[in-house]
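Chain residues, written in single-letter form:
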Amino acid sequence: MSNPTPAPPSPIEGEGESSNRRRHLEAIWRAGVEACLPARVLPRHLPAPPTGRTLVLALGKAAIPMARVVEERWRGPLSGLAVAPTASAGALERIEAIGAAHPVPDESSIAAAERLLALAERAGADDLVLVLLSGGASSLASLPGEGLDLAGKQALTRALLRSGASVSEINCVRRHLSRFKGGRLALAAPPARLVTLAISDVVGDSPEDIGSGPTVADASGVAEARAILDRHGIEAPARGWSETPARVPGTWRLVASGPDALGAAATAARRLGYSPVLLTCEGEARKIGREHAALALKAEPGTALISGGELTVTVRGPGRGGPNQEYALAAALALEGHAGVTGLAADTDGIDGPGEAAGAFFGCGAPGGEPALETNDSATWFASRGALFVTGPTGTNVSDLRIILT
């Protein structure tokens, strides 16, 4: 007979409280991530097989796990291409898997977009084109608009990523400087049936913002995209612009998103004895970090402040780190002198910014952290204290997940 499962430790206990909270933070975060893994969310959304071939076009940070689910469950002819970040590209049995660049596109990103378009164009009337879309696709499959070269596309992408522009703003610009995004992949699929299954990493789950919407219509215009660049002080390219199609063929379904992760995290927090408070937010990481620290200080003991959404960073210095680490450092500075508050901020895809960490643990203080925050060097600061949270690629991507325990 097995031993009964012990009750979880109280979130408000004396000795060992800090180490318990760190375990709780990770358990809550992982519960949110696991609820959005392709193996759990994708099977019930798979369409009926066609009379002809099934062609899978998977692109994004969850491309390999999503394609693997289809391989395991699909009957009949199956082929296609899965495009994932180079570091996480893995072997598949019937679908070819390749790596491409993220977050700034390179030659591999252009080659991937060209191959995906060519495969869609070769599909026949009896075939199914099944697009498996997840966050990160904007960089992984990138085909600049006519007259815009790769160097120009890369320079613009870097400027946008450093500007503090929101994901929605960045993707609006991308759609109007592309021959792949903004519904253009969908235009290549007829006469085949087109179905897109998407895991969302954007607040609001707008189809046109997930991977810059390669298979959906887009109501924005070139003028709006240009205005975004002007608002952030970025010089607009002279060439490459085009309007996106107002109508495209196919069906589109959302299979997982940030609210799913928040709900699962809240359930895990309750099981551990906390009272969850859920938030979804966008904005500057350091500003939101300070605001959430203030909310935590006002909260009742035993509260789990759980937030989703994707934050941005206006890069001012040469340091290393991502939005979650910057949020964590700003929150730690705001909590200076207030014991009993701990947190974890991490990206659900396992990578926060250009480094290898998913995010960082933080507590009630950050000695010497102010200079690191001012130079955007949060990763170095947390690494020196053994507080980086490293998971490797998780297999899904539903944006950020942050937890503060009081």
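Numbering of residues begins from 1 in every chain and follows the order in which that chain's sequence is written. Since the coordinates come from a predicted model, pLDDT governs what is reported: local features require at least 70, and pairs of side-chain atoms require 80 or more to be given and counted, while whole-chain, interface and lining totals use all residues. Side-chain numbers come from the whole structure's heavy atoms, not from hydrogens or water.

### Remarks on the overall build of the protein
Strands here are runs of E lasting at least two residues and helices are runs of H or I lasting at least four, both read from the DSSP assignment and numbered beginning at the N terminus. Each helix and strand in the protein was counted, giving 14 helices and 14 strands. Each radius of gyration is computed over the set of C-alpha atoms, and the globule rule expresses the reference value as 2.2 Å times the number of residues to the power 0.38. In terms of overall dimensions, the protein is globule-like: its C-alpha atoms have a radius of gyration of 22 Å, near the 22 Å expected for 406 residues. The principal-axis extents of the C-alpha atoms in the protein amount to approximately 65 × 65 × 30 Å. Exposure is judged per residue with a 1.4 Å probe applied to protein chains only, and the accessible area is read against the type maximum: over 50% gives exposed, under 20% gives buried, and values in between give partly exposed. For the protein, the residues scored as buried account for 57% of the 406 residues in total. Note on definitions: a residue-residue contact is assigned when non-hydrogen atoms from the two residues lie within 4.5 Å. In the protein, the proportion of contacts linking residues at least 24 apart, taken out of those at least 6 apart, comes to 81%.

### Focus: the packing of aromatic side chains
In this analysis, rings of Phe, Tyr and Trp, with Trp reduced to its six-membered ring, are considered paired at centre separations within 6.5 Å, and the interplanar angle assigns stacked below 30 degrees, edge-to-face beyond 60, and tilted for intermediate values. Under the defined criterion, the tally for this structure stands at four aromatic pairs. A centroid spacing of 5.1 Å and a plane angle of 90° characterise the contact between Trp381 and Phe382, whose relative ring orientation is edge-to-face. According to the relative accessible area criterion, Trp381 is buried, its value standing at 9%. Residue Phe382 is classed as buried on the basis of its relative accessible area of 1%. A cation sits over an aromatic face here: Arg402 above Tyr327, 5.2 Å from the ring centre. Sitting over a ring, as applied to charges here, requires NZ of Lys or CZ of Arg to be within 6 Å of the ring centre and within 35 degrees of the ring normal.

### Some thoughts on the confidence of the model for the protein
Every residue gets a pLDDT, meaning the predictor's confidence in that residue, from 0 to 100. Summing up the model confidence of the protein, the mean pLDDT is 93 and the portion of residues at 70 or higher is 95%. In this model residues 1-15 is a low-confidence stretch, pLDDT under 50, and it forms 13 contacts with partners more than four residues away in sequence or in other chains.

### Section: the packing of helix α11 (residues 285-298) against helix α12 (residues 323-334)
Look at α11 against α12: their axes get within 7 Å of each other, and the N-to-C directions meet at 45°. Considering the angle they form, α11 stands oblique to α12. In the packing of α11 onto α12, the handedness of the crossing is right-handed. Along the contact surface, α11 presents Ala285, Arg286, Ile288, Gly289, Arg290, His292, Ala293 and Leu297, while α12 presents Pro323, Glu326, Tyr327, Ala330, Ala331 and Ala334. Residues belonging to the contact of α11 with α12 are distributed by class as follows: nine nonpolar, two polar and three charged. Inter-axis angles, ranging from 0 to 180 degrees, are taken between N-to-C directions of lines fitted to C-alpha atoms, where helices are fitted over the stretch in contact. Roughly parallel means an angle under 35 degrees; roughly antiparallel, over 145; roughly perpendicular, 65 to 115; everything else is oblique. Should the near helix be turned counterclockwise from the far one by less than a right angle, the crossing is left-handed, whereas a clockwise turn marks it as right-handed. Here the nonpolar group is Ala, Val, Leu, Ile, Met, Phe, Trp, Tyr, Cys and Pro; Asp, Glu, Lys and Arg are the charged ones; every other residue, Gly included, is treated as polar.

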